[in-house]
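Reading the structure
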Amino acid sequence: MVVLNGVLPFFLILVGLVIAHELGHLVVAKLAGVRVEEFGFGMPPRIWGFRIGETLYSINLLPLGGFVKLTGEESAQLSVQNVNAHSPAHEAGVREGDVILSVNEAAVHDEEQLAAHLRRAEPEGPIALVIQRSEPSEDDKGTELVDYDLVLAGRPIDAPEVPLIERGDESDAAAIDRLAGVQVRSDERSLGSKSRPVRIAVMAAGAAVNAVLPIGLFALAALIPQDTAAGPAVIVSVIPGAPAAEAGLLPDDRILEVGGVTVRNTRDVSNELGLALGNDVEIVVERPLGEEGTTLRGAGETSSEILTVTARARLAPPPLTHVVRPGETVFDVADSLSVSISTVQEEVFGRGLELPKGLTLTFPDGETYVTQKNDTVSGLRRELFRRQSEIIAASGLDFVSLSAGIEVQIRQGATGITIANGSFNVVRESEGFFGAMAAGWDRTIDTVLLLRNRIRTWIAGGPGIQFAGPIGIARTTGEVVEQAGWMRLIELAALLSINLAIINILPLPMLDGGRIVFVLIEIVRRGKRISPEKEGLVHLTGLALLIMFAVVVSYFDIVRAIAGESALR
């Protein structure tokens, strides 16, 4: 089950997102005329591959990530335009179209470097070149790039000496022609030879695809009929002194709108308040009234009134704390903190009130149920269509008594309210095509804003951000399947795609954003590039740091898994 519910769906999501990302680079590169040498899934060593045209499509051993290998990623490459007859290059076997990679083990990236290395090598005699040549592949399915070592003979002893005064005025092209007998130009198919906007477009294409893909994924989720809580969202408790209390909200108020958006259930309310963090938000509620127009408190409801209030959605509200005294129960703590009983229970006994695996629940009507891993009272309430009190009674567990001396810490909501759905009713609904596309766009924008606000909350002193590596994401995938079903994987894939887009566009070495930074530096320096060797060293260092970070994150993923902690917290 672990493989079926966790590893397999995670692998499928990873494959889809990586292929989509790398296809973005591939398509834009080919449209821009850049030579794509290899399109790989996973990281080397290579297991298998096939060639279509000039591009090798490969599957590699480490199934984490992928890559597109482009010609001249860090710099333009020098392509041989013409070879003079009977010249040293002609005698050595240099051909038109060859790409010169190095001279006497010194890399060359432009005409100036090639001329300098040739002049330096001239007094030493023969000159060793490494060239790259496009050759037919072994399976005759396209071509492949092959490196060759060639040696240019030194200048014949009886060759006329060029006067030093002439050499001082000699151009780079003339020096290359005299010493090697070739004419060169930047390889027009290399990424480094393209204009700066084109290079940025190729580098950003992968992240752009990952940013756009969620629109389609969220739209697909909206097209598929799903059960949705009918609501309404009802305020269960209001914390004294919190923005909601100052705005005049009361328990039993039914929330109709938040920030001008109609809300039907607790999920809608939480989403809209999350979008409004750090700002004042307008909340419309329906307040039940008693027989004489007073606020309803246990009496029969006869009417209601509509109220509009404005409350502050705080970024990082301070937590509420209470140290349990002897004899106190969850009721006492809830009353002391002015929160709901269920909020205290979930903080002390786990989200949803966790149940141990293998516990037999026997109900008054004779039905029995044996609990599974990660079962909770809240989850079984929905699954078995029974009241929470019935499940707790059948479990025989005490979710009321508390041990003296423990500290109960409750996170406040943005406005200081606890909410719950006012009914167990659900409706099965789906959007039409155009409605689904609109929903996909809205959900994508909302998700990006929620991620932004999550970071703002962390910076403001709120709960820290928990990073997850491949192991943590696989566990999250498995728990989503177990608790919400396979349909929710579409939304999880959309969320992961957005995260992948954001991470890749960050200005970090080795990532797409880090490579774009070097192009921007080139623009600031008015076309003067940082040497490819230095840029490569920066990216290599970045790769090492990313691997170290992944190892550390994976270690803590394993620790949490061994401790039995849920990946969804």
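Residues numbered from 1 in each chain as written. Predicted model: local features only at pLDDT ≥ 70, side-chain atom pairs only at ≥ 80, totals over all residues. Heavy atoms only, no water.

**Here's the deal with helix α6 (residues 196-223)**
- Between the first and last C-alpha of α6 there are 41 Å, a value that for 28 residues agrees with the 40 Å anticipated at 1.5 Å per step.
- The principal kink in α6, of about 45°, is found at Ala 205. (Helix = DSSP H or I, 4+ residues; strand = E, 2+ residues; numbered from the N terminus. Expected span 1.5 Å × (residues − 1). Bend = angle between axes of the 7 residues up to and from the residue.)

**Focus on the side chain of Thr 376**
- As for its position among the elements, Thr 376 is in the loop between β17 (368-370) and α11 (377-384).
- Relative accessible area serves as the criterion here: at 15%, Thr 376 is assigned to the buried category.
- The contact partners of Thr 376, leaving out residues within four places of it in the chain, are Arg 351, Gly 352, Leu 353, Glu 354 and Leu 355. (Buried < 20%, exposed > 50% of the residue type's maximum accessible area, 1.4 Å probe, protein only. Contact = heavy atoms within 4.5 Å.)

**Digging into the nonpolar core**
- One finds Val 94, Ile 100, Leu 114, Leu 118 and Val 182 to be the most contacted residues of the largest nonpolar core, which totals 23 residues.
- Going through the elements one at a time, β3 (78-83), β4 (99-103), α3 (111-121), β6 (127-136), β7 (143-152), α5 (172-179) and β8 (182-186) are the ones with two or more residues in this core.
- Residue contacts for Val 94: discarding those within four places in its chain leaves Val 80, Val 83, Ala 89, Arg 133, Leu 150, Leu 152 and Val 182.
- Val 269, Leu 277, Val 281 and Ala 311 belong to the second-largest nonpolar core, a separate cluster that totals 20 residues. (Core = buried A, V, L, I, M, F, W, Y, C linked by side-chain atoms within 4.5 Å.)

**Quick notes on the pattern of salt bridges**
- Inspection of every chain in the model, using the stated rule, returns 20 salt bridges.
- Between Glu 367 and Arg 386 there is a salt bridge whose closest N-O contact spans 2.6 Å. Of this pair, Glu 367 sits in the loop between β16 (360-362) and β17 while Arg 386 sits in the loop between α11 and α12 (388-395), and the two are 19 residues apart along the sequence.
- The salt bridge involving Glu 390 is made with Arg 386; its shortest N-O contact spans 3.3 Å.
- In this structure Glu 390 comes out as partly exposed when scored by relative accessible area, which is 29%. (Salt bridge = Lys/Arg side-chain N within 4 Å of Asp/Glu carboxyl O.)

**A short note on the confidence of the model for the chain**
- In the predicted model, the chain carries a mean pLDDT of 83, and the fraction of residues at 70 or more is 89%.
- Element-level mean pLDDT values for the chain span from 49 in helix α4 (residues 164-168) up to 94 in strand β11 (residues 254-258).
- Taken as a whole, residues 156-160 scores under 50 in pLDDT and shows 1 contact with residues more than four places along the chain or in a different chain. (pLDDT = per-residue confidence, 0-100.)

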